[in-house]
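Summary of structural features
The lines below spell out each chain.
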Amino acid sequence: MTTRTSRLIIVSSGVMLIVAGLILLMRPFTPVGAATFDAAGARHAVHLTMTPARAATPGSWLIRVNGSDGRPAHAKAVRVEPVMPQMGHAIAPLTATESGTGRFPLAGVVLPMPGQWQITVTIDPAGAADRVVIPVLITG
Ligand SMILES: [Cu+2]
């Protein structure tokens, strides 16, 4: 192997390592066992992470709200209404208060049944209420 070839190999494997590192860094952070769901309303986009998305298991939810400009949208709190529309039942609505701009965590949320749920998130920054409906499939 010539010096030139080995130098080329060293440089290209370095480039590949950097590319692999960047791909890892740019991947949105998802905790182990988490499921993520996205939906958009008239003025907001909502990204919901559930850890885990499993029935009858207390879950940690993180709701992230962006405005139409794609940036985190400030609100004091959002209202969260989980329902099972095909079955005609729901759990009591929840209020998630803001923890960092556009971030609304909830702890210990229990969805009692597996199946198709609908999580309605109501955002009300400065009185312009926006409802975003997120379809969520919950496993047993
Ligand atoms: Cu049900």
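What counts, and at which threshold
Throughout this document, residue positions are counted from 1 along each chain, in the order its sequence is written. Reporting in this predicted model follows two pLDDT cut-offs: at least 70 for local features of residues, and 80 or more for side-chain atom pairs to be given and counted; totals over whole chains, interfaces and linings ignore these cut-offs and use all residues. One nonpolar core equals one set of buried Ala, Val, Leu, Ile, Met, Phe, Trp, Tyr and Cys residues connected by C-beta atoms within 7 Å. Using C-beta atoms placed from the backbone, we call a residue buried if 20 or more other C-beta atoms fall within 10 Å of its own, exposed if 12 or fewer do, and partly exposed for counts in between. Think of it this way: any DSSP run of H or I at least four residues long counts as a helix, any run of E at least two long counts as a strand, and we number them from the N terminus. A residue pair is marked as a contact if its C-beta atoms, positioned from the backbone, fall within 7 Å. Strand pairing is assigned whenever DSSP detects at least two bridges linking the two strands.

- As annotated in an unreviewed UniProt entry, the protein chain carries the name YtkA-like domain-containing protein and comes from Streptosporangium carneum.

1. Some details on the nonpolar core
- In this structure, V46, L48, I63, V65, V78 and V121 are the most contacted members of the largest nonpolar core, which totals 21 residues.
- Among the elements of the structure, β2 (44-51), β3 (59-67), β4 (77-84), β8 (115-123) and β9 (130-138) are those that each provide at least two residues to this core.
- When residues in this core are grouped by element, the largest group, four residues, is from β8.
- Once you skip the residues sitting within four places of it in the chain, L48 turns out to touch T36, F37, W61, I63, I119 and I134.

2. A word on the pairing of β2
- Summarising the sheet, strand β1 (residues 35-40) and β2 pair through six bridges and their orientation is antiparallel. Considered in β2, the bridge of D38 is made with H47.
- Linking β1 to β2, which pair antiparallel, is a turn of three residues.
- Inspection of the sheet shows β2 paired to β3 by eight bridges, in the antiparallel sense. Among the inter-strand pairings, A45 is bridged to a residue of β3, identified as N66.

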